[in-house]
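Examining the three-dimensional arrangement
Listed here are the chains, written in short residue letters.
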Amino acid sequence: MAPRVLLVKPPEASRFNFGTFSLAVLAAAVRDIAEVEILDATRLGLAEAAQRIAERTPRWVGITTMALSSLPPAAELVRRLRGAVPDAHLVVGGHGATMLPRIPLEAGAHTVVLGEGEITFRRLLQDERSTDLAGLARLSGGELLQGPAAPQVAPLDALNTPAHDLVPEPEDGVHLLETSRGCPHDCSFCETTRFHGRRWRYHTPARVAAEVRHLVRDLGAWIIEITDDNFAASRRRVLEITRLLRREDLPVFFMLSARADDLLAHPGLLPAMAGARMLRISVGVESLDPGLAVRAGKSLAVGDYARLFGRMRELGMFSVASYIVGLPGETARARRKAVELAVAAGSDAAQFLPLYPFPGLPLPAGNDSYDPDPAAAADAERFTREFYAHPAVIARLTRAASGGGVRALLAGGTLAKHPPPTCSA
Ligand code: SF4
């Protein structure tokens, strides 16, 4: 009889639904050898999550951790499950557990899957007693046993279509689509390349077009968010994808993330993307201080970004820039000028985030945990507020909101979320 497997996104503050999506991808890789269910416990309390898991009497429970911040709630859930489902094999995977496997193991997990899970988890289900530790971590008498890296799925088209039928319809109408994994670049603060290595793997354009067709025609997707870290890593692939998509029923728009110099590498790229309704693009700028940017691995200047965001505006696209506060080596002067330079770069929207340290990154002086530096976190929040209160940004968003199309829709939504300050005089 096929083993009962329950894949769980644990209760946590993060409302990201990338976690249940990655579980749907994992489920598709093992559902031919197991009876798989997915539980999105994000909004449940720990006791209710444990009870719902126990009711399903799973033989295996797989818990995903999207980041280091997912580890405390995942560990707490594991502690409860040791009593609630004493016969189940508890497995924890994902980015957080891969970085610090000891935390879920000390909480009582039997196994941590390191790196991507499709091959390793399948092997584990097929042979629970195997002593081959490739891609796994376990505790033995308090000692951490960690195997070598497991093979990665290649080519990526070997993956089955995600098990959309096992996860609830997205409440916000935003369906997720993975078209590639990893990134060929090597930014110093980036956790993606630590997780996947600097090996960029991708679905072929034909597979991407087929998945979009399924999402739009069969599942009624009207917004599709591409989960890739850098969708534009290969301009040839993007051009072919957009050529194929223009023959398909398209969603209202796609949202995606891409690196600025990849977007600027070919003059035909942005128009092709706009033609395929790729209309909301997030760009990781990180820093506009020249020295800091080069050290981080992003060396474009303010003028380059202004050219990129200006071209996107002309094409009806909406740009979102993200910046990191507290990069190693950041000076007080660089931090003071961050908002002014972000306004000059000219993206429609911007978010400032504190540096999220992780194992392997040099920690800022005085910081001995993997939590963001509180001063950087406070500044990041303030800088985001200051960006949206700036007259140039308000004018840009107001102009966009009074125009038409998706750009107007997104600009209006941004103004509603960050209303301009009112004059109290
Ligand atoms: S471009 Fe983005 S995904 Fe690629 S290494 Fe840099 S930060 Fe990571």
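It should be emphasised that the depicted structure is a prediction, and the values quoted were computed from it without experimental measurement.

1. A look at the packing of aromatic side chains
- Applying the stated criterion across every chain, the model contains six aromatic pairs.
- Between Trp60 and Phe121 the ring centres are 6.4 Å apart and the planes differ by 90 degrees, which places this aromatic pair in the edge-to-face class. On the criterion of sequence distance, the pair formed by Trp60 in strand S3 (residues 60-64) and Phe121 in helix H6 (residues 118-126) is long-range, its members being 61 residues apart. Side by side, Trp60 and Phe121 carry an identical accessibility label, which is buried.
- Consider the rings of Phe387 and Tyr388, whose centres lie 5.2 Å apart with planes at 90 degrees: the pair is edge-to-face.
- The class of Phe387 is buried, set by a relative accessible area of 0%.

2. A look at the domain arrangement of the protein
- Domain boundaries assigned for the protein yield domain 1 (4-146) and domain 2 (156-417).
- Taken over C-alpha atoms, the centre of domain 1 sits 29 Å from the centre of domain 2.
- On the side of domain 2, 25 residues touch domain 1, which itself brings 22 residues to the contact.
- Looking at the side of domain 1 facing domain 2, the largest losses of area belong to Phe21, His95 and Glu116, adding up to 27% of the total buried there.
- The interface formed by domain 1 and domain 2 includes five salt bridges.
- Put simply, Arg181 and Glu116 hold a salt bridge, and the shortest N to O gap is 2.7 Å.
- Our enumeration of links across domain 1 and domain 2 arrives at seven residue pairs in polar contact (both at pLDDT 80 or more).
- Among the elements that line the side of domain 1 that touches domain 2, the one with the most residues is helix H1 (residues 18-30), at eight residues.

Definitions and limits used
Residues numbered from 1 in each chain as written. Predicted model: local features only at pLDDT ≥ 70, side-chain atom pairs only at ≥ 80, totals over all residues. Heavy atoms only, no water. Phe/Tyr/Trp six-rings, centres within 6.5 Å; stacked < 30°, edge-to-face > 60°. Helix = DSSP H or I, 4+ residues; strand = E, 2+ residues; numbered from the N terminus. Buried < 20%, exposed > 50% of the residue type's maximum accessible area, 1.4 Å probe, protein only. Domains from an automatic or database assignment. Contact = heavy atoms within 4.5 Å. Buried area = accessible area lost by both parts, 1.4 Å probe. Salt bridge = Lys/Arg side-chain N within 4 Å of Asp/Glu carboxyl O. Polar contact = N/O pair within 3.5 Å; in protein donor to acceptor, adjacent residues only side chain to side chain.

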